[in-house]
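One letter stands for each residue in the lines below.
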Amino acid sequence: MSAANKHIVIIGGGAAGLSTAYHLGKRGCPNVLLLEQNQLTSGTSWHAAGIVGPLRTSRNLTTLAKYALELFPRLEAETGQATGYKQTGGLWLTREPARLSELQRIAAMGEMHDLPGAFLTPGQVKERFAMINVDDLVGAMWLDQDGQVNPVDMCMAFTRGARANGVEIREHSRVCAIDVENGLATAVVLDSAERIECDVVVNCAGLWARHIGQLAGVNVPLHAVEHMYVVTEPVAGMPLPWPVIRDMEGALYIKEDAGKLVLGAFKPNAKLWDHKSVDPDASFLIFEQDWDHIEPMMNGGIHRIPRLETLGLTDFMTGPESFTPDTRQLMGISPEVENFFVAAGFNSLGIMSAPGVGKVMADWIVRGRSPIDLWEVDIARFQPDDNHIEFLRQRIPEAVSNQFDLHWPDKQYKTGRCRKVSVWHEKMAEMGAVFGCTAGWERPLWFARDNEPGQLEYSYDDQIWWPVAARESKMLEKSGALFDLSSFTKIILEGAGATDALQWICSNNIDVEVGKIVYTLMLNPAGGIESELTVSRLLQNRYLLVAAVASRTKDRTWIVRNTRQFDVRVTDITDDYAVLGVMGPNAKALLGRLSSQNFAIHNFPFGRTRMIDIHHKNRQIAEVRALRLSFVGEQGWELFMPNACARDVLNAVLTEAGQFKMAMAGFFTLECCRLEKGYLHWGHDIGPEENPYQAGLGFAVRLDKPGGFVGLAGLEKILQAGISRKLVLFEAKDSRPLLLHDEPLSWQDKRVGRTTSGGVGLRTGKALCFGYVDLNRVAADKIPGGEFTVLVQGEIHTLIGRSAPPYDPAGARMRG
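These lines cover the structure that appears in this document, whether it is placed above or below. Everything numeric here is computed off the predicted structure, so don't read it as measured data.

**Overview of the overall build of the protein**
The helix and strand inventory of the protein stands at 18 helices and 40 strands. At 27 Å, the protein has a C-alpha radius of gyration in line with the 28 Å of a compact globule built from 816 residues. The C-alpha extent of the protein, read off along each of the three principal axes, is 85 × 60 × 55 Å. By sequence separation, contacts in the protein at least 24 residues apart represent 72% of the contacts at least 6 residues apart. Entry remark: accessible area of the protein is about 30100 Å², with carbon and sulfur atoms responsible for 48%. Distance between charge centroids for the protein: 6 Å, based on 84 positive and 96 negative side chains.

**Points about the pattern of salt bridges**
This model, assessed by the stated rule, comprises 54 salt bridges. We note a salt bridge from Arg304 to Asp136, for which the minimum N-O separation is 3.0 Å. Of the two residues, Arg304 is situated in helix α7 (residues 291-304) and Asp136 in the loop between α4 (122-128) and β7 (139-143); the sequence distance between them amounts to 168 residues. Among the residues examined, Arg304 registers a relative accessible area of 0% and is labelled buried.

**Some words on helix α14 (residues 587-594)**
Of all the positions in α14, only Ala587, Leu590, Leu591 and Leu594 are classed as buried. All buried residues of α14 project into a common sector of 90° when viewed along the axis, lining one side. As for α14, its buried residues are in contact with β24 (481-484), β30 (577-583), β31 (609-616), β33 (636-642) and α15 (643-657).

**Notes on the pairing of β24**
Remember that side chains alternate between the two faces of the sheet whenever the strand is regular. Burial of the side chains of β24 extends over both faces: Ala481 and Phe483 are buried on one face and Leu482 and Asp484 on the other. Across two bridges, β24 lies against strand β34 (residues 663-664) in parallel orientation. From the neighbouring strand, Leu482 faces β34, where its bridge partner is Met664. Looking at chain direction, β24 and β30 are connected through four bridges and run antiparallel.

**Regarding empty space enclosed by the protein**
Evaluated as defined, the whole model comprises four cavities of 30 Å³ or more. Estimates place the volume of the largest cavity at around 160 Å³. Lining the largest cavity are 14 residues, and of these Glu226, Met228, Ala265, Lys267 and His293 lie nearest its centre. Looking at the lining of the largest cavity, the elements that each hand over two or more residues are β14 (223-232) and α7. Its residues placed into classes, the lining of the largest cavity shows nine nonpolar, three polar and two charged. Approximately 50 Å³ is the volume found for the second largest cavity. Lining of the second largest cavity is provided by Phe483, Leu485, Phe488, Met583, Phe631, Val632, Glu638 and Leu670. Split into classes, the residues belonging to the lining of the second largest cavity amount to seven nonpolar, no polar and one charged.

**What about the sheet that holds β24?**
One open sheet accounts for six strands, arranged β31-β32-β33-β30-β24-β34; its pairing is mixed. Bordering the open sheet on either side are β31 and β34, each of which pairs with just one other strand. Two strands pair when backbone bridges link them, and β31 and strand β32 (residues 619-627) are joined in this way by eight bridges, in the antiparallel orientation. Directly across from Thr609, in β32, lies its bridge partner Leu627.

**Description of the nonpolar core**
Core analysis: the largest hydrophobic core is formed by 78 residues, its most contacted members being Ile10, Met154, Val202 and Met331. What Ile10 contacts, discounting residues up to four positions off in sequence, is Gly17, Thr20, Ala21, Leu24, Val32, Leu33, Leu34, Leu35, Val202 and Cys204. The next biggest cluster of nonpolar side chains, apart from the first, holds 36 residues, and it includes Val423, Phe599, Trp637 and Met641.

**A look at the environment of Asp742**
Secondary-structure assignment places Asp742 in the loop between β35 (725-732) and β36 (744-747). With relative accessibility at 11%, the residue Asp742 sits in the buried group. Taking the C-alpha atoms as reference points, Asp742 and Gly110, separated by 632 residues in sequence, lie 9.7 Å from one another. Those residues within four positions of Asp742 in sequence are excluded, and the remaining contacts are Ser58, Arg59, Met109, Met112, Arg754 and Thr755. At 3.5 Å, the side chain of Asp742 and the backbone nitrogen of Arg59 are in polar contact.

**Some thoughts on the packing of helix α1 (residues 15-26) against helix α2 (residues 59-79)**
Running from N to C, α1 and α2 cross one another at 70°; their axes reach a closest spacing of 14 Å. If you check the angle between α1 and α2, you find them roughly perpendicular. Contacts from Tyr22, His23 and Lys26 of α1 reach α2 at Tyr67, Leu71, Leu75 and Glu78. For the contact of α1 with α2, the class distribution of residues is four nonpolar, one polar and two charged.

**Thoughts on the packing of aromatic side chains**
Per the stated rule, a full pass over the model turns up 22 aromatic pairs. On the basis of an interplanar angle of 80° and a centroid distance of 5.3 Å, the ring pair of Phe599 and Trp637 is categorised as edge-to-face. On the criterion of sequence distance, the pair formed by Phe599 in the loop between α14 and β31 and Trp637 in strand β33 is long-range, its members being 38 residues apart. For the pair Phe599 and Trp637, one class covers both residues: buried. Considering the side-chain rings of Phe604 and Trp637, the 5.9 Å spacing of their centres and the 80° angle between planes classify their relative orientation as edge-to-face. Here the residue Phe604 occupies a position in the loop between α14 and β31, and Trp637 occupies one in strand β33, the gap between them amounting to 33 residues.

**Concerning the layout of surface pockets**
For the second largest pocket, the calculated volume is near 1000 Å³. Lining the second largest pocket are 42 residues, and of these Ile333, Trp364, Gly368, Arg369 and Trp558 lie nearest its centre. Of all the secondary-structure elements, those providing two or more residues to the lining of the second largest pocket are β11 (184-190), α8 (350-367) and α13 (552-562). Considering each element in turn, the lining of the second largest pocket owes the most residues, five residues, to α13. Classifying every residue of the lining of the second largest pocket gives 22 nonpolar, eight polar and 12 charged.

**Quick look at the side chain of His425**
Of note, His425 is situated in helix α10 (residues 425-430). Residue His425 is classed as buried on the basis of its relative accessible area of 15%. Excluding residues within four positions of it along the chain, His425 makes contact with Cys418, Phe435 and Glu442.

**Digging into the environment of Ser192**
Along the chain, Ser192 turns up in the loop between β11 and β12 (195-197). Residue classification places Ser192 among the exposed residues on the basis of a relative accessible area of 53%. Along the primary structure Ser192 and Ala130 are separated by 62 residues, whereas in three dimensions their C-alpha atoms are 58 Å apart.

**A look at the sheet that holds strand β27 (residues 529-539)**
With antiparallel pairing, the five strands of this open sheet are ordered in space as β26-β27-β28-β25-β29. Two strands close off the open sheet at either side, each with one partner strand: β26 (517-523) and β29 (569-572). Across the sheet, the axes of successive neighbouring strands diverge by a mean angle of 30°, strand direction being ignored. Strand direction decides the pairing type here: strand β25 (residues 489-494) and β29, joined by four bridges, are antiparallel. Residue Leu493 lies in a different strand from β29, and its bridge partner there is Val570.

The rules behind the values
Residues numbered from 1 in each chain as written. Predicted model: local features only at pLDDT ≥ 70, side-chain atom pairs only at ≥ 80, totals over all residues. Heavy atoms only, no water. Helix = DSSP H or I, 4+ residues; strand = E, 2+ residues; numbered from the N terminus. Rg over C-alpha atoms; globule rule 2.2 N^0.38 Å. Contact = heavy atoms within 4.5 Å. Areas by Shrake-Rupley, 256 points an atom, 1.4 Å probe, with all protein chains shown as cover. Lys, Arg positive; Asp, Glu negative; His and termini not counted. Charge placed at Lys NZ, Arg CZ, Asp CG, Glu CD. Salt bridge = Lys/Arg side-chain N within 4 Å of Asp/Glu carboxyl O. Buried < 20%, exposed > 50% of the residue type's maximum accessible area, 1.4 Å probe, protein only. Arc of directions from axis to C-beta. Pairing = 2+ DSSP bridges. 1 Å grid on protein atoms, 1.4 Å probe; cavity = no way out; pocket = protein on both sides within 12 Å on 5 of 7 lines; lining within 4 Å. Points joined across faces, edges and corners; volume = space filled by probe spheres on them. Nonpolar A, V, L, I, M, F, W, Y, C, P; charged D, E, K, R; others polar. Core = buried A, V, L, I, M, F, W, Y, C linked by side-chain atoms within 4.5 Å. Polar contact = N/O pair within 3.5 Å; in protein donor to acceptor, adjacent residues only side chain to side chain. Axes fitted to C-alpha atoms, helices over the stretch in contact; angles between N-to-C directions. Parallel < 35°, antiparallel > 145°, perpendicular 65-115°, else oblique. Phe/Tyr/Trp six-rings, centres within 6.5 Å; stacked < 30°, edge-to-face > 60°.

Interpretation in functional terms is not warranted from these geometric data alone.
Below is the structure:
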């Protein structure tokens, strides 16, 4: 059955569900049914504030949000239903210099989307809007394209448009069960006992999305809170149009509605709300007014708009809003059920997001993949235990506050920590580890010694950890360092069809001799990079796959779904094995002290794996698997071992390491070193929108493999058309700016691209970044040694395009 003929059931008649239905209808999908358990918009959409803010904190989320500016005028003309959309402009007010740095970064990213932000002094704000108290402000950003829409009217326009294109919409139709067979949803069952067969289910149930997910065995990690706002009486003399005001440090928004002011907030003490606490037939929910809880918001509003103190209130609205653990929405195909899609958890930004979300979800359903790289909101970024209710209750109040908090580099959540730790966690803490959390895993960021910082302090200037990472990097270069790499995703793929399966899903040739390690990519049908990983052939029909921690759920799901036709078993062993990186010039000597294995290059060359014994003080401790690899550019081995023996192995290594001037180092050092070696980071430098040839990874592709592989046809089309952009490693000339991502790149005053990731290399002392360059604007032979500029926090810095990484470009240290 073609995608256009699939019977698609959308659950939820709010903004996201109706937009998805509308866009599916526009694509000519004839069998689309939307089910709403009560009345359309009766969940969250009806009481939303209706702010339209197209400028977000990342490139792809801005692309998603900006579509609303195009759609709203067209939607009104098409359906004859007014949406209440108007462009008012917006003020982003701040009293913190660091916030100005963040806004300058956001504004620079906005320029790449034709959304330029203008910066105003407090005096200029006062000249434009006399009602605003600017006494404590350091500045503001103005965005012309900010605006507002009437949420219910917008939803009704989507409804009209969807029905006009053949979509069936049914109210008072509650889903009480979802049948799942062989990993596919086959039917939804209503409380009336009606069973509706389907080919695709789309969970747009908002507040109830977690519950709907549970009906299908799908994890949808979100939780609702009580969100409050007040509406004043009409304000005489208010200039119109009144802008959308965001008081960033006050965590407030203020907008106009029919001559009145609407004031809402995102405070850190948000009150959790459980949908099970009300009758399922309840709709258009309004909670009891809590004046004690709202008092800080009112005081903040009066401080910013003093006139509020004399205005009466016509409405005190307290309704439910759902939030996710990282304050980013949930979109895409669920890992648990292949034809079960999710578009929920919009963190009070559902109205603004709905147009783009509906468009992308329709494309995703029809094409089988997202039309743009939406990894940062892909539901597959979460692990199953992220849906545990106790974790959600701890994390969600902090996630609410995060909506307006400063989005610092390397920012860490405080709640819901220490849920997943390596077997060495306590030992690392005793050794001074400062931990960060990635995908639920606690990982050492650095190891503090005397007088070194013992906690992460945030800044948009020089980072507090740079001196520590410099010490660790120099130790690594001169003698060596140890890394806890236990969080790596580790998967065993085995069975009679193991080699054929890996040949099919991997771009490189996997049919190599036992003991060899292959770096490879997994591609989508268009040739985009879905994952990068190493594959070690352990036995004739048994392989170890190692990938990044953050993409664990996604990678495992991709592997399982694309190898079903083969006789294989896929086992995730991530939690059961610890991994110790032993890296640096003295790594060979240290391991030689602990093992009878010969680690000489002719006996244990780079890119090989074997089992080795570990003994200490005449006692055999364990056999571990050693992989000769290095992400830091130094000679080294990664030791994989069962948790049961890991503590003994680490103690033995640490006992001997001091004699070789080696000690533990953290992930910040690892990141600095990978930049110096020009190694890429999936999710930043490469992803589903990038192909191997753009990224300089053509060496990981074997076009002539017998039987082909996933993505081969896409790559052939790319090669025929030629690449139009190229990933380049840059270094800053005569400066060391804080390079992060999504900073605009220019060549001879022409915008030619953007950065993807950046930082400092502390062995070389250089500020480095990767970035894509448009080859239609810069000839490829002009890039090496060419001078580019990058805009960072309002300042222009010169970058030099490199033809090779700055640290050991030939790889002699790593392979020797």
